[in-house]
Amino acid sequence: MTSNKLTTLGIHAIRSGKVRDLYSWKDELWLVASDRLSAFDVILPTPIPDKGKILTQLSRFWLEKFASIVPNQVISFELPEGIGLPEFSGRLVRAKKCEVIPLECVARGYVAGSGWKEYKESGTVGGFALPSGLQESSKLPQPLFTPAKKNDEGHDENLSESEAKVFVGEDLYLKLKTLTLKLYSEAFDYAASRGIIIADTKFEFGWYEGQVLLIDEVLTPDSSRFWPSTHYQPGKSQSSYDKQFVRDYLSSLNWNQQPPGPELPPVIVEQTLAKYREAYEKLAGRGTDG
Ligand SMILES: Nc1ncnc2c1ncn2[C@@H]1O[C@H](COP(=O)(O)OP(=O)(O)O)[C@@H](O)[C@H]1O
Ligand SMILES: [Mg+2]
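Parameters and conventions
Residues numbered from 1 in each chain as written. Chains lettered and ligands numbered in written order. Predicted model: local features only at pLDDT ≥ 70, side-chain atom pairs only at ≥ 80, totals over all residues. Heavy atoms only, no water. Near = heavy atom within 4 Å. Polar contact = N/O pair within 3.5 Å; in protein donor to acceptor, adjacent residues only side chain to side chain. Areas by Shrake-Rupley, 256 points an atom, 1.4 Å probe, with all protein chains shown as cover. Helix = DSSP H or I, 4+ residues; strand = E, 2+ residues; numbered from the N terminus. Axes fitted to C-alpha atoms, helices over the stretch in contact; angles between N-to-C directions. Parallel < 35°, antiparallel > 145°, perpendicular 65-115°, else oblique. Left-handed = near helix turned anticlockwise from the far one by under 90°. Contact = heavy atoms within 4.5 Å. Nonpolar A, V, L, I, M, F, W, Y, C, P; charged D, E, K, R; others polar. Expected span 1.5 Å × (residues − 1). Buried < 20%, exposed > 50% of the residue type's maximum accessible area, 1.4 Å probe, protein only. Arc of directions from axis to C-beta. Pairing = 2+ DSSP bridges. Core = buried A, V, L, I, M, F, W, Y, C linked by side-chain atoms within 4.5 Å. Domains from an automatic or database assignment. Buried area = accessible area lost by both parts, 1.4 Å probe.

**Describing the site of ligand 1**
Near ligand 1, the surroundings consist of 18 residues, among which Arg15, Lys18, Arg20, Gln73 and Glu204 are the closest. Separating a nitrogen atom of ligand 1 from a backbone N or O atom of Cys98 is a distance of 3.0 Å. One of the side-chain N or O atoms of Lys150 is found 3.3 Å from an oxygen atom in ligand 1. Considering ligand 1 on its own, with 570 Å² of exposed area, one finds that the protein chains cover 84% of that surface. If you list the elements that add at least two residues to the shell around ligand 1, you get strand S2 (20-25), strand S3 (28-33) and strand S7 (92-96).

**Considering the packing of helix H2 (residues 51-65) against helix H7 (residues 266-284)**
Closest axis-to-axis distance for the H2/H7 pair is 10 Å, and the angle between their directions is 15 degrees. The angle between the axes of H2 and H7 places the two elements in the roughly parallel class. As H2 runs across H7, the sense of the crossing is left-handed. Every residue of H7 that contacts H2 at Lys51, Ile54, Leu55, Gln57, Leu58, Phe61 and Trp62 is listed here: Leu273, Tyr276, Arg277, Tyr280, Leu283 and Ala284. Its residues assigned to classes, the contact of H2 with H7 shows 10 nonpolar, 1 polar and 2 charged.

**A short note on H7**
Given a rise of 1.5 Å per residue, 19 residues ought to cover 27 Å, and the 26 Å separating the end C-alpha atoms of H7 matches this to within 8%. What H7 keeps buried is the set Ile268, Val269, Thr272, Leu273, Lys275, Tyr276, Ala279, Leu283 and Ala284. End-on, the buried residues of H7 take up no more than an arc of 150 degrees, which puts them together on one face. Exposed residues on H7 whose side chains face more than 90 degrees from its buried face are Pro266, Glu270 and Glu281. Where H7 is buried, its residues touch H2, helix H5 (170-192), strand S15 (196-208), strand S17 (224-228) and helix H6 (244-251).

**Description of the pairing of strand S16 (residues 211-215)**
Taking burial as the measure, the 5 residues of S16 include 4 buried ones, the bulk of the element. Of the strand pairs in this sheet, S15 and S16 are connected by 5 bridges, and their pairing is antiparallel. Across the sheet, residue Glu204 finds its bridge partner in S16, namely Ile215. The turn linking S15 back onto S16 is made up of 2 residues, and Glu209 within it adopts a positive phi angle of 45 degrees.

**Regarding the nonpolar core**
Across soluble globular proteins, nonpolar side chains have a tendency to be buried as a group. Residues Trp62, Leu176 and Phe205 are the most contacted members of the largest nonpolar core, which totals 48 residues. Top contributing element to this core by residue count: H5, with 10 residues. For Leu176, the contacting residues outside a window of four places in its chain are Ile101, Leu103, Cys105, Phe145, Phe205 and Val212. Leu37, Ile54, Val246 and Leu264 belong to the second largest nonpolar core, which has 15 residues in total.

**So, the domain arrangement of the protein**
Many descriptions give the size of an interface as the accessible area lost when the pieces come together. In terms of domain boundaries, the protein breaks down into domain 1 (7-96) and domain 2 (99-255). A separation of 22 Å is found between the C-alpha centroids of domain 1 and domain 2. Facing the 25 residues of domain 1 at the interface are 29 residues of domain 2. A combined buried area of about 2,400 Å² lies between domain 1 and domain 2, and 73% of that area is made up of carbon and sulfur atoms.

**Describing the sheet that holds S7**
Read from one edge of the open sheet, 5 strands run S1-S2-S3-S7-S6, paired in antiparallel fashion. The open sheet is flanked by strand S1 (11-16) and strand S6 (74-76), the only strands paired with a single partner. Across the sheet, the axes of successive neighbouring strands diverge by a mean angle of 35 degrees, strand direction being ignored. The sheet contact formed by S6 and S7 spans 2 bridges and is antiparallel.

Shown next as structure tokens:
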């Protein structure tokens, strides 16, 4: 749609993230999830139709499930009356515009990704000493809070516990840690009962009228590592729930993992979409309890 049409409606583009587009409307922040997919940190030219809707509905499911644990950003998932924008329908979160707390609140239940790299080098994850003999993708003795400093440019910077305490203040640190581990453990148990391991995830929080709110997207495959429980096998990296077909396909090409990324063939798009639908149905599926 044209930015002209949006402006007429009082909607102003703020920025485009990798996957989501941000707008302001009156005093609200609108998060609109596109169908863009990133792999190896590169946005691919081929969209996955409906991915943005599925991930928005998955975030919605968790936000509503956790509403009694932590207040959140949500004003509504529906367009305001009188604003006809079918392009936004199902992909939109109308959020309270918060002052973002610049700490990525990461919870890890398994040794993977940068955690595995750190463990191999120093026997620690997030600076916490761990038993020796853990393998790649091993379950941790207990989930860890391993926050990182949000950087506008470049990669986020992992902080030790003491650095993070200095960075946001000790009281806020303890609050964010408690909330993060509580949300992670609730989500973990729930997902495990439905065949999905949430190996780790990232939450963001923001200040709004003196209150700490849960913001951004929540427990989607874009903000988390989801693994299918049936294929879990420590000692190697696990195939990703949603991106396994894309990564396998890309690895079969002679692509150097630098932009621009290659187009995806229709069969890979179909298989990937099916994985997003499957994750949504397993976790939030209608006709089941929870
Ligand atoms: N309720 C909110 N209030 C203010 N900022 C928010 C809120 N929810 C999310 N954000 C911010 O919006 C931005 C989303 O952009 P980005 O993460 O780049 O998008 P993507 O995840 O699609 O790449 C993040 O910086 C996040 O902190
Ligand atoms: Mg983001």
